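Residue-level structural notes
Below are the chains, spelled out letter by letter.
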Amino acid sequence: MTLDVRTFFELQRQSYARASPAVRKAWPPETALGEEELARYLGRRDYCVLATVTRGGRPQARPVAFLVHDGAFWFATGGGARLSNLERSPYVSVVIAEGDAGTHILVLAEGAVGIHEPAPAVVAAWEHRHGSKPDWAAAFLELRPERLFSYRALDTNVTRA
């Protein structure tokens with residue numbers, strides 16, 4: 001199944017158009033994933049690193065499972081520190097990465113999350129993708145990013161399994 005990432009791909013185009021010269025130098029547009037590459041990459045990755053901000057203003061980054069559904073990233077979360085952090089400050093940074101040196105691929109997405117009760121459609125999509133029900137989740141986090149960038153080393157094959 002190929003993910004529908006048209007929203008993300010268009011956001012990536014807009015993000016590059018608004019980016020500073022320093023960002024475009026660090027994340028050259030010619031190394032960005034195309035729409036099909038982005039769909040394949042996100043479709044085969046189950047985990048990312050989600051960063052929030054603690055009460056004391058420090059970053060807190062943890063690996064979490066994710067889902068792409070209806071033009072957004074979705075994360076199931078328990079009722080602990082992450083949820084408390086987001087109730088105070090809803091802004092997150094998400095990094096989905098693999099590889100090293102000349103073979104790495106990554107996607108960076110940033111923005112504010114919405115906190116939701118587990119909705120049936122999202123729970124069903126989660127179960128389909130991850131193979132288990134998120135019965136443990138206190139809430140679902142919905143990220144419709146404000147910025148999205150991707151990068152692949154030019155010799156990296158995005159289609160590998």
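In short, a report on the structure. (Residues numbered from 1 in each chain as written. Predicted model: local features only at pLDDT ≥ 70, side-chain atom pairs only at ≥ 80, totals over all residues. Heavy atoms only, no water.)

Topic: the environment of glycine 99
Going by this rule: Every helix listed is a DSSP run of H or I at least four residues long, and every strand listed is a run of E at least two residues long, numbered separately from the N terminus.
Within the element layout of this structure, glycine 99 appears in the loop between strand E5 (91-98) and strand E6 (105-116). Distance from glycine 99 to valine 64, taken between C-alpha atoms, is 18 Å for residues 35 residues apart in sequence.

Some points on helix H4 (residues 81-88)
The cut-off we apply is this: Each residue is assigned to one of three classes by its accessible area relative to the maximum for its type, calculated with a 1.4 Å probe on protein chains only: buried under 20%, partly exposed between the two thresholds, exposed over 50%. The arc in question is the one spanned by the directions pointing from the helix axis to the C-beta atoms. Any two residues whose heavy atoms approach within 4.5 Å at even a single point are treated as in contact.
Three or more residues of H4 are buried, namely Arg82, Leu83, Asn85 and Leu86. Looking straight down H4, one finds its buried side chains confined to an arc of 160°; they lie on one side. In this fold, the buried residues of H4 make contact with strand E1 (47-53), strand E2 (59-65), strand E4 (72-77), E5, E6 and strand E7 (139-143).

So, the nonpolar core
The criterion, for reference: To form a nonpolar core, buried Ala, Val, Leu, Ile, Met, Phe, Trp, Tyr and Cys residues must be joined to one another through side-chain atoms within 4.5 Å.
Core analysis: the biggest nonpolar cluster contains 29 residues, and Leu42, Phe73, Phe75, Val94 and Ile96 have the highest contact counts within it. Listed by contribution, the elements that provide at least two residues to this core are helix H1 (6-18), helix H3 (35-44), E1, E4, H4, E5, E6 and E7. If near-sequence neighbours (up to four positions away) are discounted, phenylalanine 75 is found in contact with Cys48, Leu50, Val64, Ala65, Phe66, Val94, Trp126, Ala139, Phe140, Leu141 and Leu143.

Comments concerning the environment of glutamine 60
Here is the rule we go by: Counting of polar contacts relies on pairs of N or O atoms within 3.5 Å, with two restrictions inside protein: one atom must be capable of donating a hydrogen and the other of accepting it, and residues adjacent in sequence are counted only when both atoms are side-chain atoms.
When you line up the elements, glutamine 60 lands in strand E2. For glutamine 60, a relative accessible area of 15% corresponds to the buried category. With 11 residues separating them along the chain, glutamine 60 and valine 49 place their C-alpha atoms 9.8 Å apart. Not counting chain neighbours up to four residues away, the residues in contact with glutamine 60 comprise Leu50, Ala51, Thr52, Thr54, Ala81, Arg82 and Asn85. Here asparagine 85 takes part through its side chain, which lies 2.6 Å from a polar atom of the side chain of glutamine 60.

Some words on the packing of aromatic side chains
The test is simple: Note on aromatic contacts: the rings of Phe and Tyr and the six-membered ring of Trp form a pair at centre separations within 6.5 Å, being stacked when their planes are under 30 degrees apart, edge-to-face when over 60 apart, and tilted otherwise.
Under the definition given, this model contains 5 aromatic pairs. On the basis of an interplanar angle of 90° and a centroid distance of 5.0 Å, the ring pair of tyrosine 16 and phenylalanine 149 is categorised as edge-to-face. Here tyrosine 16, found in helix H1, pairs with phenylalanine 149, found in strand E8 (residues 147-152); they are 133 residues apart in sequence, far enough to count as distant. Accessibility classification places tyrosine 16 together with phenylalanine 149 in one group, the buried group. Take phenylalanine 149: its relative accessible area is 1%, and that puts it in the buried class. Here the aromatic cluster, defined as three or more aromatic residues joined through ring pairs, consists of Phe8, Phe66 and Phe73.

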